[in-house]
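Single-letter residue listing:
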Amino acid sequence: MWLKVSNEDLPAKEQLPFWAELVSRELAPLSLSSANPGDFTAWASVLDLDSVRLAVFSSPPAYLRRTWADIRRADPGTYQLTFVSGSPLWISQRRQDSGLVFGNMVLFDLSQPFEGAVPDRGCNTEVAIMQLPREELPLPPDKVHRLLAQPLSTGTGMGAILARFMTTLDAYGPDCEPRDLSRLGAMALDLAGACMAQHLDAYDDLPAETRRHAMLARVNAFIDHNLGDPDLGPADIAARHHISVRSLHTLFREQGETVAASIRRRRLERCHADLTDPRLRRRSISAIAARWGFMRPPDFSRAFRATYGMSPRELRHTALRSLPDTQQAALSDN
């Protein structure tokens, strides 16, 4: 299920009460207040991934508090892993204080009281919250609690992969089939567990399956980041991740695709996207191919036609011809 809602069409005096009720319903009962309750335009989207839920909120500065009384009203038994952008926030829980978190993640537990706030920095904050069932997370609670209300870096490693996964889910998850969303929920649990284990230096505590899925996610992220390298191949990928080539091929069998086929498919997809982008119409086809690792134009043309049923030039011509007349006219003037 996917839900998107906004309070912008409500009278100003009703916006904050509506939003407070929405947050309490979609997360858990809590109190929400604002220093400027007369102007509180906000929006949210919620995507269910079986037992996992992704909720994205964009709202003005506010103060949140969840008490033991709120917990007695409803305790969903979930951790909230929150990726923060737009404007910083802070969370305090179990005598731990995150400080201002921006561009990173912070974890809190809905079974424990907490308070948090978005300081007034002149813009809305946007948070992507992954709600993770405590009993399904592949780490014991006593270890997870060490991370509560602590900033978790998204600059490298599993933190970067998980943050990208969350933002990609928000953008493309609503188009997925229910069975795919269930698989994505299981993947979210594995990635979240691996991210927390990395921060705890407890990677060996994860189940073997979770470690395998986390490794596959790391490898896929590495491939996506290095598609422009014409020498990218199984040996280089395996060496970079300190595994054997045989282990790498075993990982990819789960995806039903060889390593080489996966690299070729992703390169062709990037070329397809560039060739249909009117902003890149003056870039040569050979330059686009080389950008994504195809150094021999004949090889690229053959692979592209075999995949898409037309040549790169035919695709570009068709894409430009399908643009609205006004956009075609604007392009011809530039």
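The structure under discussion appears in the preceding block.
For the structure given in this document, a descriptive report is provided here.

Rules of the game
- Every chain is numbered on its own, with residues counted from 1 as its sequence reads.
- With the structure being a predicted model, the display of local features is reserved for residues of pLDDT at least 70 and the display and counting of side-chain atom pairs for 80 or more, all residues being used for whole-chain, interface and lining totals.
- Side-chain figures throughout are based on the complete set of non-hydrogen atoms in the structure, without hydrogens or water.
- Comment: axis = line fitted to C-alpha atoms, over the contacting stretch for helices; angle = value between 0 and 180 degrees taken between N-to-C directions.
- Only runs of H or I of at least four residues qualify as helices and only runs of E of at least two qualify as strands under DSSP, and these elements are numbered from the N terminus.
- Angular relationships are summarised with four words: roughly parallel below 35 degrees, roughly antiparallel beyond 145, roughly perpendicular across 65 to 115, and oblique for the angles in between.
- Here is the rule for handedness: rotate from the far helix to the near one, and if that takes an anticlockwise turn smaller than a right angle the crossing is left-handed, while a clockwise turn gives right-handed.
- Should any heavy atoms of two residues lie within 4.5 Å, those residues are considered in contact.
- Each residue gets one of three labels, nonpolar for Ala, Val, Leu, Ile, Met, Phe, Trp, Tyr, Cys and Pro, charged for Asp, Glu, Lys and Arg, and polar for the others, Gly among them.
- Two strands are said to pair when DSSP picks up at least two bridges between them.
- Here a Phe, Tyr or Trp ring, Trp counted by its six-membered ring, pairs with any other such ring whose centre lies within 6.5 Å, and the pair is stacked when the planes are under 30 degrees apart, edge-to-face when over 60, and tilted otherwise.
- Two conditions define a charge located above a ring, namely a distance within 6 Å from the ring centre to NZ of Lys or CZ of Arg, and an angle within 35 degrees of the ring normal.
- We define a salt bridge as a side-chain nitrogen of Lys or Arg found within 4 Å of a carboxyl oxygen belonging to Asp or Glu.
- Accessibility here uses a 1.4 Å probe with only protein chains present; expressed as a share of the type maximum, an area under 20% marks a residue as buried, one over 50% as exposed, and anything in between as partly exposed.

This part covers the packing of helix 6 (residues 208–225) against helix 9 (residues 259–275). Across the interface, helix 6 lies against helix 9 with an axial gap of 10 Å and an inter-helix angle of 45°. One finds that helix 6 runs oblique with respect to helix 9. Relative to helix 9, the crossing made by helix 6 is right-handed. Listed contacts from helix 9 to Asn-220, Ile-223 and Asp-224 of helix 6 are Ile-263, Arg-266 and Arg-270. Looking at the contact of helix 6 with helix 9, its residues break down into two nonpolar, one polar and three charged.

Taking strand neighbours across the sheet as the criterion, the five strands line up as 2-5-10-7-8 in an open arrangement whose pairing is antiparallel. Each edge of the open sheet carries a strand with a single partner, namely strand 2 (31–33) and strand 8 (96–97). Sheet topology note: the strand 5 (residues 63–66)/strand 10 (residues 114–117) ladder contains four bridges and is antiparallel. Bridge pairing links Arg-66 to Phe-114 in strand 10.

Moving on, we get to the packing of aromatic side chains. Following the criterion strictly, the structure yields five aromatic pairs and no others. A connected cluster of aromatic rings, assembled from ring pairs, spans Phe-294, Phe-300, Phe-304 and Tyr-308. Above the ring of Trp-292, the side-chain terminus of Arg-270 is found at 6.0 Å from the ring centroid.

With that settled, the discussion passes to the packing of helix 4 (residues 157–172) against helix 5 (residues 178–200). Between helix 4 and helix 5, whose axes approach to 8 Å, the crossing angle comes to 150°. The orientation of helix 4 relative to helix 5 falls into the category roughly antiparallel. The two elements helix 4 and helix 5 cross, and the hand of that crossing is left-handed. Contacts from Gly-157, Met-158, Gly-159, Ile-161, Leu-162, Phe-165 and Leu-169 in helix 4 reach Leu-184, Met-187, Ala-188, Leu-191, Ala-192, Ala-194, Cys-195 and Gln-198 in helix 5.

Between side chains of opposite charge, a pair can form when the charged atoms approach closely. For the structure shown, the criterion picks out 17 salt bridges. Put simply, Arg-25 and Glu-26 hold a salt bridge, and the shortest N to O gap is 3.4 Å. For Asp-299, the salt bridge goes to Arg-296, with nearest N and O atoms at 2.8 Å. You can call Asp-299 partly exposed: its relative accessible area is 31%. Overall, the relative accessible area of 52% leaves Arg-296 in the exposed class. Sharing partners across several salt bridges, the network here consists of Glu-21, Arg-25, Glu-26, Asp-48 and Arg-53.

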